[in-house]
Amino acid sequence: MGEMIKELIQYRHLLYMLVWRDVKIRYKQTAMGFLWAILMPMLVVCAGLLIKKGMSVFSGKPMELSDLLSVTVKALPFSFFIGSIRFATNSLVGNTNLVTKIYFPREVFPIAAVIANVFDFMIATAIFIIILAFTSFSIDVYALWVPWLILLLIFLATGCGMLLSCANLFYRDVKYIVEAVLTFAIFFTPVFFEASLFGKWSTLLLLNPLGAILENINNVVVFHRQPDMVWLVYATIWSIGGLIIGWRIFHKLEYAFAENI
Amino acid sequence: MNDIVLEFKNVYKRFSRGEKNDSLRDLIPYLTKKLLFRGEGYKLKEKEFWAVKNVSFEIRRGEAVGIIGPNGAGKSTILKLLSGILRPNSGEIAVNGRLSALIEVGAGFHPDLTGRENIYLNGAILGMKRSEIQNKMDQIVEFSELSDFIDTPVKRYSSGMYARLGFSVAAHVDPEILLVDEVLSVGDFTFQHKCLEKMQDIVKKGTTVIFISHNIPSVIKLCQKTILLNKGEINQYGDSREVCRQYYNVYSESRKVSEKNIISLKNIKLLNCNNEETSNFKSCEWGRAEITIESHEEIENIIMGFLIKQADGSMAFDANSDKIANKYYSFKINEQKKIVIDFRNNLPEGTYFLGVHFLRPNKGFYYYNSELVEFYVNAPKTLGVAYLDLKW
């Protein structure tokens, strides 16, 4: 593992250039440019509001600001995760030319794909924070958990991205499977609703590590409380374990990439 | 021993013909087949072949080595093995030093980025730091002669411009070891010449260079030593001129002889103008070749060819008896004939080979040997391919 990280550091210039390229070309020749970075999360937020409204009509409770915040706070990381996976899965096959022609650690492709999405995520978050400043909402000391939770999310995305990108290199089916799973992921992840809504079945939803991370972000930002430690540890194991295993497998298969792409 | 920067030790690389299983749908029948009919697992191996077979060589610091061979001989595979893109099935590869491989010009270009942005990107891909690229930016742009278009997206470039930009970046990478795969064939004539000069500069600076090309003269110009590959094996490794000559022989001539053993050569003698047997001539001196031929069948009206080759294998002169002297030869069974040709060698200083061939119009060769005897020409130093009689 140490050697793999060392090699990555050695090639940091390349990683930087690839991220820069991915960011730069993504919105090239588009009329909206970087506004696209917030369009996707905005759509998710709108869909979430619709569902929240429906639920409030059904239960007779009026909608509150915290409902709106919950949806937004979870929608942003969620769309980052979805975007990263989608992008990372294609990162090797989309760079066939480089994979077969030039040598460098291939890890840089999925990692660069995730980092390029972090960039989009930061734009969306910055805009969200500006909007938040105009409301009566405040955060407190628990919000300090957020960087750690986001880091876990990035690790999880990177680990999955590495696995999926090399799986997709060998079998293009993976791309379609990923597409299908991502389309319905919103139903299996507590974004529009809280896991607690399901009572004793909530555990089932939190087994999805993405769900556990999102719920905890919601806890510390919107509800001003400690993160749920059990699920935090659970998510940490998933994220870091996933990254290590994903990277290991990727590294092991790396030698065969050029011949099988 | 530290001097050896690249080493190949009994390297094997296997490739397989035909399509692999690209989707899961193909994998499942493949796996079941493999499980059910274990014996047939070996049959699949028949589809495989050795792209590189037991190849060993060493390259020392500062050497420039060419790799030549017909298409599919495994040249690019060797470069990919050296650069680490492919891993050998067996054998060892050692590389000591910062290596940069130029397997395809502009491989890392993105069409939507401008020329300048692509220089940064491609430079990073080839292993340069951002600050290094910044320092060399002006040189690179100047070399590519594209300063007017450098802020235009490369998707608007012509293919020649694209290749020029690619080569310009690659030529400024400054590695310790440079692997180059057929990149001189880019751009127009003047740019090609410029590329070759740049490559010579790189070699002079002491960079170890491995150079793959089908352009034999530039291989000879650039490299002292050359590897000749055929079907994944090293055919020859040695002095560039020698190896390139072999290459010309094996791949351009051996295939020409259609019917063998109809004509055989009995004797050949080279004489100077004083009728002394020799292999040293002066430029513009008259010489005589006496060639004794025997035919094993009765043949009529065949044409004889007389040719002289330069040391690197390229043709200096090749003439047929019908065109030049309106002469045809006929043989009875087992008849021997002595053919005498007087020639004046208007050749510059160097080593040459004299050869002959016999052919029947539209029927191919009865005999072909372009290297019957070696001879030397002494002359004052001149450039060019001919040595004229002149009065100054």
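Quick notes on the rules
- Residues numbered from 1 in each chain as written.
- Chains lettered and ligands numbered in written order.
- Predicted model: local features only at pLDDT ≥ 70, side-chain atom pairs only at ≥ 80, totals over all residues.
- Heavy atoms only, no water.
- Helix = DSSP H or I, 4+ residues; strand = E, 2+ residues; numbered from the N terminus.
- Buried < 20%, exposed > 50% of the residue type's maximum accessible area, 1.4 Å probe, protein only.
- Contact = heavy atoms within 4.5 Å.
- Salt bridge = Lys/Arg side-chain N within 4 Å of Asp/Glu carboxyl O.
- Domains from an automatic or database assignment.
- Buried area = accessible area lost by both parts, 1.4 Å probe.
- Polar contact = N/O pair within 3.5 Å; in protein donor to acceptor, adjacent residues only side chain to side chain.
- Nonpolar A, V, L, I, M, F, W, Y, C, P; charged D, E, K, R; others polar.
- Patch = residues over 30% accessible without salt bridge, like charges linked within 9 Å, V, L, I, M, F, W, Y side chains within 5 Å.
- Areas by Shrake-Rupley, 256 points an atom, 1.4 Å probe, with all protein chains shown as cover.
- Axes fitted to C-alpha atoms, helices over the stretch in contact; angles between N-to-C directions.
- Left-handed = near helix turned anticlockwise from the far one by under 90°.
- Pairing = 2+ DSSP bridges.
- Core = buried A, V, L, I, M, F, W, Y, C linked by side-chain atoms within 4.5 Å.

Participant: Quick question: what am I supposed to make of the overall build of chain B here?
Facilitator: When you go through chain B residue by residue, the secondary structure sums to 9 helices and 18 strands. The burial tally for chain B puts 46% of its 392 residues in the buried class. For chain B, restricting intrachain contacts to residue pairs at least 6 apart in sequence, the fraction spanning at least 24 positions comes to 72%.

Participant: What exactly am I supposed to notice about the pattern of salt bridges here?
Facilitator: Two side chains with opposite charge may pair up if their charged atoms get near one another. The tally for this structure, following the rule as stated, stands at 25 salt bridges over all chains. A salt bridge links A:Arg26 to A:Asp120, with the shortest nitrogen-to-oxygen separation between them at 3.4 Å. Taken together, the residues A:Arg26 in helix 2 (residues 12-26) and A:Asp120 in helix 6 (residues 108-133) connect sequence positions 94 residues apart. Taking relative accessible area as the criterion, A:Arg26 reaches 24% and is therefore assigned partly exposed. B:Arg164 is paired through a salt bridge with B:Glu145; the nearest N and O atoms lie 3.4 Å apart. Of this pair, B:Arg164 sits in helix 5 (residues 159-171) while B:Glu145 sits in the loop between helix 4 (130-144) and helix 5, and the two are 19 residues apart along the sequence. B:Glu145 sits in the partly exposed class, given a relative accessible area of 46%.

Participant: Can you help me understand the domain arrangement of chain B in this one?
Facilitator: A common measure of how large an interface is: the accessible area buried when the components associate. Residues and elements named next belong to chain B. Here chain B is described as being made up of domain 1 (4-253) and domain 2 (258-378). Contact with domain 1, which involves 7 residues of that partner, is made by 10 residues of domain 2. With both sides pooled, the region where domain 1 packs onto domain 2 buries about 690 Å², and carbon together with sulfur makes up 49% of that total. Applying the counting criterion to the domain 1 and domain 2 interface returns 1 salt bridge. Inspection of the domain 1/domain 2 interface yields 2 residue pairs in polar contact (both at pLDDT 80 or more). A total of 5 residues in the side of domain 1 that touches domain 2 trace back to one element, the largest contributor, which is helix 8 (residues 240-252). Of the residues in the side of domain 1 that touches domain 2, the class split is 3 nonpolar, 1 polar and 3 charged.

Participant: Whenever I open this one, a nonpolar patch on the surface confuses me. Can you help?
Facilitator: Taken together, the side chains of A:Met32, A:Leu35, A:Trp36, A:Leu39, A:Met40 and A:Leu43 define a hydrophobic patch exposed on the protein surface, amounting to about 540 Å² of accessible area. For A:Trp36, the position within the fold is in helix 3 (residues 36-59).

Participant: When you look at the packing of helix 2 of chain A against helix 3 (residues 115-125) of chain B in this model, what are you seeing that I'm missing?
Facilitator: For any two helices packed against each other, one specifies the crossing angle of their axes together with the interaxial distance. Between helix 2 of chain A and helix 3 of chain B, the shortest axis-to-axis distance is 8 Å and the interhelical angle comes to 145 degrees. Handedness of the helix 2 of chain A/helix 3 of chain B crossing: left-handed. Taking contact as the criterion, the partners of A:His13, A:Leu14, A:Met17, A:Leu18, A:Trp20, A:Arg21 and A:Lys24 in helix 2 of chain A are, on helix 3 of chain B, B:Glu117, B:Tyr120, B:Leu121, B:Ala124 and B:Ile125. Of the residues that constitute the contact of helix 2 of chain A with helix 3 of chain B, the class distribution is 8 nonpolar, 1 polar and 3 charged.

Participant: Sorry if this is basic, but what is going on with the sheet that holds strand 2 (residues 48-60) of chain B here?
Facilitator: Backbone-to-backbone hydrogen bonds pair the strands of a sheet. The strands run either parallel or antiparallel. Residue and element names in this part refer to chain B. Ordered by their spatial adjacency, 3 strands build an open sheet running 2-1-4, and the pairing between neighbours is antiparallel. Edge positions in the sheet fall to strand 2 and strand 4 (90-95), since each of these pairs with one other strand and no more. Neighbour to neighbour, the strand axes of the sheet diverge by 20 degrees on average, direction disregarded. Note: strand 1 (residues 4-16) against strand 2, 9 bridges, orientation antiparallel. Bridge pairing in strand 2 places glutamate 7 opposite glutamate 58. Of the strands in this sheet, strand 1, strand 2 and strand 4 touch helix 2 (residues 75-83), which is tilted by about 120 degrees from strand 1.

Participant: Before we go on, may I ask you to explain the nonpolar core in this structure?
Facilitator: Within soluble globular proteins, side chains that are nonpolar generally end up buried alongside one another. Ranked by size, the top nonpolar core spans 53 residues in total, and within it A:Leu92, A:Phe104, A:Phe257, B:Ile119 and B:Leu165 carry the most contacts. The biggest single contributor to this core is helix 2 of chain A, with 7 residues. Excluding residues within four positions of it along the chain, A:Phe257 makes contact with A:Leu92, A:Val99, A:Arg106, A:Cys166, A:Leu169, A:Phe170 and A:Phe250. With 49 residues, the next largest nonpolar core counts A:Val44, A:Val118, A:Phe121 and A:Leu153 among its residues.

Participant: Can you help me understand the environment of B:Ile78 in this one?
Facilitator: As for its position among the elements, B:Ile78 is in helix 2. Sequence-distant contacts of B:Ile78, defined by excluding residues within four places in its chain, comprise B:Phe8, B:Val52, B:Val55, B:Phe57, B:Ile67 and B:Leu229.

Participant: Looking at this model, I keep getting lost on the sheet that holds strand 7 (residues 208-212) of chain B. Mind explaining?
Facilitator: Residues and elements named next belong to chain B. Strand order in the open sheet formed by 6 strands is 5-6-7-3-8-9, and the pairing between neighbours is mixed. Lying at the two open borders of the sheet, with one neighbouring strand each, are strand 5 (99-102) and strand 9 (233-239). Taking the axes of each pair of neighbouring strands and ignoring which way they run, one obtains an average angle of 15 degrees across the sheet. The pairing of strand 3 (residues 64-68) with strand 7 spans 4 bridges and is classified as parallel. Counted as the bridge partner of alanine 64 is valine 209 from strand 7. Packed on one face of the sheet, helix 2 meets strand 3, strand 5, strand 6 (177-181), strand 7 and strand 8 (225-230) and runs near 150 degrees to strand 6.

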